[in-house]
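Read off the chains here:
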Amino acid sequence: MAEKEEIARALGEMGQDSAVLTKSNIAHLVATGHTWLSLREVPGVHLQAKRTSDGIAAELTVSEGARIENPVHLCVGVLEKRGDQRINIAIHLEARSAATFMAHCFFPSAEKVLHAMDAVVDLGREAELRFLEGHYHGPFGGASVLPKADVHVGPRARYVSDFSLTTGRVGQLYIDYNVEAEEEALAEMTTRIFGHATDDIRIRERVALAGKRSRSLIKIRVAVEDQASADVSGITEGREEGARGHVDCVEIVKDQAVANAVPIVKVTHPLAKVTHEAAIGSVDKKQLETLMAHGLTPAQAVDMVVTGMLR
Amino acid sequence: MTELLRIHSLSLSADHKKILDGLDLTIAEQEIHALLGTNGCGKSTLAFVIMGCEGYLPATGTIVFGNRVINDLKIHERARLGITLAWQEPARFEGISIANYLSLGSPSADPARYLQRVGLTPDEYLPRMVDKTLSGGQRKRIELASVLALKPKLAILDEPDSGIDMLSMNEIAAVIEAFKAEGAAVLLITHREEMALVSDRASQLCGGRIVFSGTPSNVARHYKARTCIVCDGNECGNG
Ligand SMILES: Nc1ncnc2c1ncn2[C@@H]1O[C@H](COP(=O)(O)OP(=O)(O)OP(=O)(O)O)[C@@H](O)[C@H]1O
Ligand SMILES: [Mg+2]
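Our subject in this report is the structure included herewith.

Observations regarding the overall build of chain A
Here is step 1: Along the backbone of chain A there are three helices and 19 strands.
Here is step 2: Computed over the C-alpha atoms, the radius of gyration of chain A is 20 Å, within 12% of the 19 Å expected from 2.2 N^0.38 for a compact globule of 311 residues.
Here is step 3: If one aligns the C-alpha atoms of chain A with their principal axes, the spans along those axes are about 55 × 55 × 35 Å.
Here is step 4: Considering chain A as a whole, with its 311 residues, one finds that 56% of them fall into the buried category.
Here is step 5: Nonlocal contacts in chain A, meaning residues at least 24 apart in sequence, comprise 78% of its contacts between residues at least 6 apart.
Here is step 6: Surface accessibility of chain A: about 12,800 Å² in total, with carbon and sulfur atoms responsible for 47%.
Here is step 7: A distance of 2 Å separates the average location of the 35 positive side-chain charges in chain A from that of its 43 negative side-chain charges.

Points about the coordination of the magnesium ion (ligand 2)
Residue and element names in this part refer to chain B.
Here is step 1: The protein atoms that coordinate the magnesium ion (ligand 2) are S44 (OG) and Q88 (OE1), at distances of 2.0 to 2.2 Å. One end of the pair, S44, is in helix α1 (residues 43–51); the other, Q88, is in the loop between β6 (83–86) and α3 (98–101), with 44 residues separating them in the sequence.
Here is step 2: With a relative accessible area of 18%, S44 lands in the buried category.
Here is step 3: By relative accessible area, Q88 is classed as partly exposed at 25%.

Examining the site of ligand 1
Residues and elements named next belong to chain B.
Here is step 1: Close to ligand 1 lie 15 residues, the nearest being K17, G40, K43, S44 and T45.
Here is step 2: Within the side chain of T45, one N or O atom sits 2.5 Å away from an oxygen atom of ligand 1.
Here is step 3: A distance of 3.0 Å separates an oxygen atom of ligand 1 from a polar atom in the side chain of Q88.
Here is step 4: With the chains in place, 66% of the 640 Å² that ligand 1 exposes on its own is no longer accessible.
Here is step 5: At the level of elements, β2 (17–28) and α1 are the ones that each hand at least two residues to the shell around ligand 1.
Here is step 6: Class assignment of the residues belonging to the shell around ligand 1 gives a composition of four nonpolar, seven polar and four charged.

Observations regarding the side chain of H137(A)
All names here are of chain A.
Here is step 1: On the secondary structure map, H137 appears in the loop between β9 (128–136) and β10 (143–153).
Here is step 2: One polar contact links the side chain of H137 to the main-chain carbonyl oxygen of V170, over a distance of 2.8 Å.
Here is step 3: With near-sequence residues (within four places) excluded, H137 lies in contact with F107, A110, A143, V145, L165, R169, V170 and L173.

Observations concerning the interface of chain B and chain A
Here is step 1: In this assembly, 28 residues from chain B lie in contact with 21 residues from chain A.
Here is step 2: In total, about 2,000 Å² of surface goes out of reach between chain B and chain A, with carbon and sulfur atoms giving 59% of it.
Here is step 3: Looking only at chain B, the three residues that lose the most surface to chain A are W87(B), E94(B) and L104(B), adding up to 27% of its buried area.
Here is step 4: Residue E94(B) pairs with R221(A) through a salt bridge whose shortest N-O separation is 2.7 Å.
Here is step 5: Along the contact surface separating chain B from chain A lie nine residue pairs in polar contact (both at pLDDT 80 or more).
Here is step 6: Among the secondary structure elements, those contributing two or more residues to the side of chain B that touches chain A are α2 (75–81), β6, α3 and α6 (136–149) of chain B.
Here is step 7: If you tally residues by element for the side of chain B that touches chain A, the top one is α2(B), at four residues.
Here is step 8: Taken together, the residues that form the side of chain B that touches chain A break down as 15 nonpolar, six polar and seven charged.

A short note on the sheet that holds strand β12 (residues 172–181) of chain A
Adjacent strands of a sheet form backbone hydrogen bonds with each other and so pair up, either parallel or antiparallel.
Residue and element names in this part refer to chain A.
Here is step 1: Judged by pairing direction, the sheet is mixed, and its nine strands sit side by side in the order β3-β4-β6-β8-β10-β12-β14-β16-β18 without closing on themselves. Where the open sheet ends on each side, the last strands, each with one partner, are β3 (45–51) and β18 (258–267). On average, each strand axis in the sheet is inclined to that of its neighbour by 5 degrees, with strand direction left out of account.

Observations concerning the nonpolar core
Here is step 1: L154(B) and L157(B) are the most contacted members of the largest nonpolar core, which has 87 residues in total.
Here is step 2: The contact partners of L154(B), leaving out residues within four places of it in the chain, are L4(B), L5(B), I27(B), I50(B), F65(B), G82(B), I83(B), T84(B), A185(B), V186(B) and L187(B).

Things to note about the sheet that holds β2(B)
Residues and elements named next belong to chain B.
Here is step 1: Strand order in the open sheet made by the four strands is β2-β1-β4-β5, with antiparallel pairing throughout. Unpaired on one side and paired on the other, β2 and β5 (68–69) mark the two borders of the sheet.
Here is step 2: Here strand β1 (residues 3–14) runs beside β2; their pairing, made up of nine bridges, is antiparallel. Within β2, the residue paired with S13 across the bridge is K18.
Here is step 3: This element, α1, spans β1, β2 and β4 (60–65) of the sheet and lies at about 115 degrees to β1.

Focus on the pattern of salt bridges
Here the idea is simple: oppositely charged side chains can pair when their charged atoms come close.
Residues and elements named next belong to chain A.
Here is step 1: Counted under the stated rule, the structure contains 28 salt bridges over all chains.
Here is step 2: Note that D162 is salt-bridged to R192, the shortest N-O span being 2.6 Å. One end of the pair, D162, is in strand β11 (residues 158–165); the other, R192, is in strand β13 (residues 186–195), with 30 residues separating them in the sequence.
Here is step 3: Overall, the relative accessible area of 22% leaves D162 in the partly exposed class.
Here is step 4: The partner of E183 in a salt bridge is R213, and the shortest N-O contact between them spans 3.9 Å. On the criterion of sequence distance, the pair formed by E183 in the loop between β12 and β13 and R213 in the loop between β14 (200–209) and β15 (215–224) is long-range, its members being 30 residues apart.
Here is step 5: Accessibility expressed as a relative area gives 38% for R213, which makes it partly exposed.
Here is step 6: Taken together, the shared-partner salt bridges connect R156, E183, E184 and R213 into one network.

Focus: the environment of I27(B)
Residues and elements named next belong to chain B.
Here is step 1: Along the chain, I27 turns up in strand β2.
Here is step 2: Once the C-alpha coordinates of I27 and A59 are considered, the two residues, 32 residues apart in sequence, prove to be 22 Å apart.
Here is step 3: Contact partners of I27, with chain neighbours within four places excluded, come to E3, L4, L5, H33, L154, A185 and L187.

Calculation criteria
- Residues numbered from 1 in each chain as written.
- Chains lettered and ligands numbered in written order.
- Predicted model: local features only at pLDDT ≥ 70, side-chain atom pairs only at ≥ 80, totals over all residues.
- Heavy atoms only, no water.
- Helix = DSSP H or I, 4+ residues; strand = E, 2+ residues; numbered from the N terminus.
- Rg over C-alpha atoms; globule rule 2.2 N^0.38 Å.
- Buried < 20%, exposed > 50% of the residue type's maximum accessible area, 1.4 Å probe, protein only.
- Contact = heavy atoms within 4.5 Å.
- Areas by Shrake-Rupley, 256 points an atom, 1.4 Å probe, with all protein chains shown as cover.
- Lys, Arg positive; Asp, Glu negative; His and termini not counted.
- Charge placed at Lys NZ, Arg CZ, Asp CG, Glu CD.
- Donors = N, O, S within 2.8 Å, 3.2 Å for Na, K, Ca; no water.
- Near = heavy atom within 4 Å.
- Polar contact = N/O pair within 3.5 Å; in protein donor to acceptor, adjacent residues only side chain to side chain.
- Nonpolar A, V, L, I, M, F, W, Y, C, P; charged D, E, K, R; others polar.
- Buried area = accessible area lost by both parts, 1.4 Å probe.
- Salt bridge = Lys/Arg side-chain N within 4 Å of Asp/Glu carboxyl O.
- Pairing = 2+ DSSP bridges.
- Axes fitted to C-alpha atoms, helices over the stretch in contact; angles between N-to-C directions.
- Core = buried A, V, L, I, M, F, W, Y, C linked by side-chain atoms within 4.5 Å.

Structural measurements only, silent on function.
What follows is the structure in structure tokens.
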């Protein structure tokens, strides 16, 4: 099927071997536009995919106690120049289960593409989810990507996410993630984005430390160049005794690009503690001069610092 | 001996304050030259001027490297001529591995060899990042190794003996030996007189100029005796 070959090629461009889709011991779900193309379950991973009135929906469940060895691949995208993809995803990790999800979101030819994702993620007691999300939006800047997620991290569960969009154009990207962490739960979210030309990046990540001794880290790394703009807010609320949260945001700005960062910390329990650091500006002069003293040109030095930060 | 670096009548002010004031200094090829001076006397400033850092353009004076006046060259152009600098407090980088950092100058260099030279085990350090997870002393060792890996003609080492978990005298001596073995000249900046003893020649900086040059033991004695002919001890405490 031509579309499968296209998907394989898109995966390759994102640095992922497309052979993962042919292996019987690796679970996957693949959709382009509003069509589910392929689905494979493995023991412990149950998948359901359907068409809805205005898009598509999927449910992914990892059974209680199951520890899934290979990452579950979730490939979604629009391959055409124009198109829509509205997708609802529900992910449920039952108690003490563990899995890694790799989401590949590709819009390689996007000239006017809309991708709206609504995700509900629920981690049961002591469950562990690593959610790695890689995006490729093509060279034209014509993608509008609106990912929204509500994540519930149960008692002693661990949620680690990594969102990356560092090659090609971004287009319009509005991230809205809300995480609630229960007693002794951990939420660690990393976001890395490089914006160019007129790319428009808005990120809102919020963690509520709702349980005793819950912990969180929001780490955001954004570089913008040309006329791109980035508007970032990392919000952490410490509501319970022993809750510890940290927001760490670095934005590098080149050319006429504009960036801002608003780390918001709220503490409503006297024994909770939330800290933040934010650095926005051009590339640090000492870093540049150090690399230049090692023989790099100014342009090479800037490139190395930016690439390193987004790695 | 062939002259490598000649600085003549160098002056630099910042915030209406003279930091360097008619400084003269020469260093020969492969010479280990210690520069002694108390806190705040302008040692790092001199290092930045020689390297060509932004904001450190001298008001007067010439810097000649090889046969070339380099006053107008950018940092990387000076680096490509063979000058490099190990900062007193080196910068940290996210996402740059030590292996990568040690190969910046020549991709074919063997990073493990240079790590061993500064007393770090390659297996442990090569995959680590040059970021804030390194201690101050570890970061300084990495900087020395990376500067060594560049095979420079002139390495300016700004206080390799200072900072938390500082290098011992023996370790510094071993590092200097390594630079010698690579055929590099070294400008070894320090405020500890015993450090000068690993050098071939030494100079004392005070009041923005070199007040005394000579054999390491003579300069060390002069520096230790706190005798300064320029400021009479009013500025540098060496009265
Ligand atoms: N960019 C600058 N603007 C203003 N003053 C400066 C600047 N750079 C250095 N100085 C001043 O010049 C003097 C020399 O500073 P420098 O850092 O060169 O001293 P140093 O000998 O390296 O001291 P230390 O032993 O503490 O490293 C100090 O008084 C310092 O405050
Ligand atoms: Mg100094």
